[in-house]
Amino acid sequence: MATFPSYPLVDKWRLSHDSWLLRFSLPSDRKYLGDDPTLPTCISVHHNSSLDDGELLKKSYSPISHPATLGSFDLLVKAYTPQPGGGVGDAICNTQPGQLLIGKLKSERLVHGSPIISKRWDHIGLVAGGTGVAPLVQIIRLVLDDPNDNTKVHLLSINRYEEDILMRDELDKIAKEYPDQFFVKYSLTGENVPKDWGGFTGRGSVSMARQALPPPSANNGQRTMIFVCGTDGFRDTWAGPVARAPPKADGSKGPKIQGPLLGLLKDTGYDASDVFKYCSRDEGGLYDYENVDPLDYFTMVFYSEINLFKHGDLPIETPIF
């Protein structure tokens, strides 16, 4: 059985009634969590469930710390009540200083064919539902930390109540430090929104997208990329569901792929090449995409809640990864 690195918990801070920021130290033989400090990182956390006869559960998390952080990394995790087949987030949040997190560094996540983020687009839009903000914070840090990167970053953070807005103080601080490069807006979806609330309300709309996000690439001749991360339902509302390629040769499930662009972003005028959908669930935990053999490109079948597509019916620009 393979063994994976362990990461001792250094400290933890409660961010909301059910969310924590946790800092883990790296093994002595690693300077950074990832192999390249200029690229986003992701770690697959392994946990033996007490509800599933010790079954090994895995869930992937993107740190909110900069990939070039020396000797440690920070995770933003939500602690749901453990259910059969789940409970990784709850286990992480109940970890105490000195106890170990077991995990495996994930391979680089390709965004339309490349893992590079810095200096790749003129505008980046980030649409976050709850703790879906976690992997997007890493993108913010990568761009703003590079003095040669002039990319403008727009974050739309959508939460149920004002007290649920995670990392709000940090995000507002960054916006003040980079007033010409980083812009953040918030929306609340819960009932009884305060009368003095100055942000948006609702899960999203075309009007909200146009006000909070940079325009589609085709509208201004500049390169725009929109990243969407949240629960499956949140992601589907904004950009449509992800899809799955045909089964592998051994009969196992095919890799998850981007699928066609649907939802609010399509209605706003974005092209599939303007959007990257994280395959995510609660807690910012990511179920990662896999590389797809280009030879399978023309045989993939995409399923959505609305339509059934054969890949040949879609524009050639439809991203695989």
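This is a predicted model, so every value here is computed, not measured.

Conventions and cut-offs
- Each residue is numbered by its place in its chain's sequence as written, counting from 1.
- Local features are withheld for residues below a pLDDT of 70 in this predicted model, meaning they are given only at 70 or higher, and side-chain atom pairs are given and counted only at 80 or more; totals for whole chains, interfaces and linings count all residues.
- The basis for the side-chain values is all heavy atoms of the structure; hydrogens and waters are excluded.
- In these notes, a set of buried Ala, Val, Leu, Ile, Met, Phe, Trp, Tyr and Cys residues joined through side-chain atoms within 4.5 Å is what counts as a nonpolar core.
- Buried means the residue's accessible area, taken with a 1.4 Å probe over protein chains only, is under 20% of the maximum for its type, while exposed means over 50%, and partly exposed covers the values in between.
- Secondary structure elements follow DSSP: runs of H or I no shorter than four residues count as helices, runs of E no shorter than two count as strands, and numbering proceeds from the N terminus.
- The criterion used for residue contact is that any of the two residues' heavy atoms lie within 4.5 Å.
- DSSP calls a pair of strands paired once it identifies at least 2 bridges connecting them.
- The angle between two axes is taken between their N-to-C directions and runs from 0 to 180 degrees, where each axis is a line fitted to C-alpha atoms and a helix contributes only its stretch in contact.
- Count a disulfide wherever a pair of cysteine sulfur atoms falls within 2.5 Å.
- Counting of polar contacts relies on pairs of N or O atoms within 3.5 Å, with two restrictions inside protein: one atom must be capable of donating a hydrogen and the other of accepting it, and residues adjacent in sequence are counted only when both atoms are side-chain atoms.
- Convention used here: a crossover is right-handed provided that the path from the first strand, over the helix, to the second strand proceeds clockwise when the strands point away from the viewer.
- Every angle not falling under 35 degrees, over 145, or within 65 to 115 is termed oblique; those three ranges are roughly parallel, roughly antiparallel and roughly perpendicular.
- Handedness of each helix crossing follows the sense of rotation of the near helix against the far helix: counterclockwise by less than a right angle gives left-handed, clockwise gives right-handed.
- Under the convention adopted here, Pro, Cys and the residues Ala, Val, Leu, Ile, Met, Phe, Trp and Tyr are nonpolar, Asp, Glu, Lys and Arg are charged, and Gly plus all remaining residues are polar.
- Under the convention used throughout, the expected extent of a helix is 1.5 Å for every residue step, that is, one less than its residue count.
- Salt bridge criterion: a side-chain nitrogen from Lys or Arg within 4 Å of a carboxyl oxygen from Asp or Glu.

**Looking at the nonpolar core**
Ile124, Leu126, Ile140, Leu155, Leu171, Phe182 and Phe227 are the most contacted members of the largest nonpolar core, which has 36 residues in total. Within the residue set of this core, elements represented by two or more residues are strand 7 (123-129), helix 2 (133-144), strand 8 (152-159), helix 3 (168-177), strand 9 (182-188) and strand 11 (224-229). Take this core: its biggest share by element is nine residues, from helix 2. With sequence-adjacent residues up to four places away left out, Phe227 is seen in contact with Val111, Ile117, Trp121, Ile124, Gly125, Leu126, Val127, Leu136, Ile139, Phe276 and Tyr278. Residues Val228, Leu261, Leu264 and Ala272 belong to the second largest nonpolar core, which totals 19 residues.

**Some points on the sheet that holds strand 10 (residues 200-201)**
The six strands lie next to each other as 10-9-8-7-11-14, forming an open sheet whose pairing is parallel. With partners counted over all chains shown, the strands left at the sheet margins are strand 10 and strand 14 (275-277), one partner each. Pairing between strand 9 and strand 10: two bridges, direction parallel. Bridge pairing in strand 10 links Leu188 to Thr201. Its contacts with the sheet place helix 3 against strand 8 and strand 9, and it is angled at close to 145° to strand 9.

**Remarks on unusual backbone geometry**
Unusually for a residue other than glycine, Lys119 sits at a positive phi of about 60°. Note that Lys119 resides in the loop between strand 6 (100-105) and strand 7. According to the relative accessible area criterion, Lys119 is partly exposed, its value standing at 46%.

**What to know about the state of the cysteines**
In total, this model carries zero disulfides according to the counting rule given. Considering cysteine sulfurs only, Cys229 is the nearest to Cys42, which forms no disulfide, with 9.9 Å between them. When its relative accessible area of 4% is taken as the criterion, Cys42 is described as buried.

**Quick word on the side chain of Thr151**
Within the secondary structure, Thr151 sits in the loop between helix 2 and strand 8. A distance of 2.8 Å separates the side chain of Thr151 from the backbone oxygen of Trp121, its partner in a polar contact. At 2.5 Å, the side chain of Thr151 forms a polar contact with the side chain of Asp149. In this view, Thr151 contacts Lys119, Trp121, Asp122, His123, Ile124, Val143 and Gln181; residues no more than four positions away in its chain are not counted.

**Focus on the pairing of strand 7**
Of all seven residues making up strand 7, seven are buried, and the element is well covered by its neighbours. Summarising the sheet, strand 7 and strand 8 pair through seven bridges and their orientation is parallel. Directly across from Val127, in strand 8, lies its bridge partner Leu156. Regarding the hand of the β-α-β motif, the stretch spanning strand 7, helix 2 and strand 8 is right-handed. In this sheet, strand 11 lies alongside strand 7 in parallel orientation, the contact comprising six bridges. Looking at the pairing, Val127 lines up with Val228 of strand 11.

**Topic: the environment of Lys31**
With respect to the helices and strands, Lys31 occurs in the loop between strand 2 (19-25) and strand 3 (43-48). Each C-alpha atom, one on Lys31 and one on Leu70, is 5.8 Å from the other, the two residues being 39 residues apart in sequence. Each residue touching Lys31, except ones within four places of it in the same chain, is listed here: Leu26, Thr69, Leu70 and Gly71.

**A closer look at the packing of helix 2 against helix 3**
Packing of helix 2 against helix 3 brings their axes to within 13 Å, and their N-to-C directions diverge by 25°. Relative to helix 3, helix 2 is oriented roughly parallel. In this structure, helix 2 crosses over helix 3, and the sense of that crossing is left-handed. Note on element contacts: helix 3 touches helix 2 through Glu170, Leu171 and Ile174, opposite Val133, Val137, Ile140, Arg141 and Leu144. In terms of residue class, the contact of helix 2 with helix 3 is made up of six nonpolar, no polar and two charged.

**A closer look at helix 2**
Helix length check: helix 2 (twelve residues) gives 16 Å between terminal C-alpha atoms against 16 Å at 1.5 Å per residue, within 8%. Of all twelve residues in helix 2, eleven are buried, a share of seventy percent or more. For helix 2, every residue scored as buried is listed here: Val133, Ala134, Pro135, Leu136, Val137, Gln138, Ile139, Ile140, Leu142, Val143 and Leu144.

**Looking at the pattern of salt bridges**
For side chains of opposite charge, pairing can occur when their charged atoms come near one another. For the structure shown, the criterion picks out ten salt bridges. Glu162 is the salt-bridge partner of Arg168, the closest N and O atoms lying 2.8 Å from each other. We classify Arg168 as partly exposed; its relative accessible area is 24%. A salt bridge links Asp172 to Arg168, with the shortest nitrogen-to-oxygen separation between them at 3.8 Å. Of the two residues, Asp172 and Arg168 both sit in helix 3, four residues apart, roughly one turn of that helix. By relative accessible area, which is 26% here, Asp172 ends up partly exposed.

All we've got here are geometric facts, nothing functional implied.
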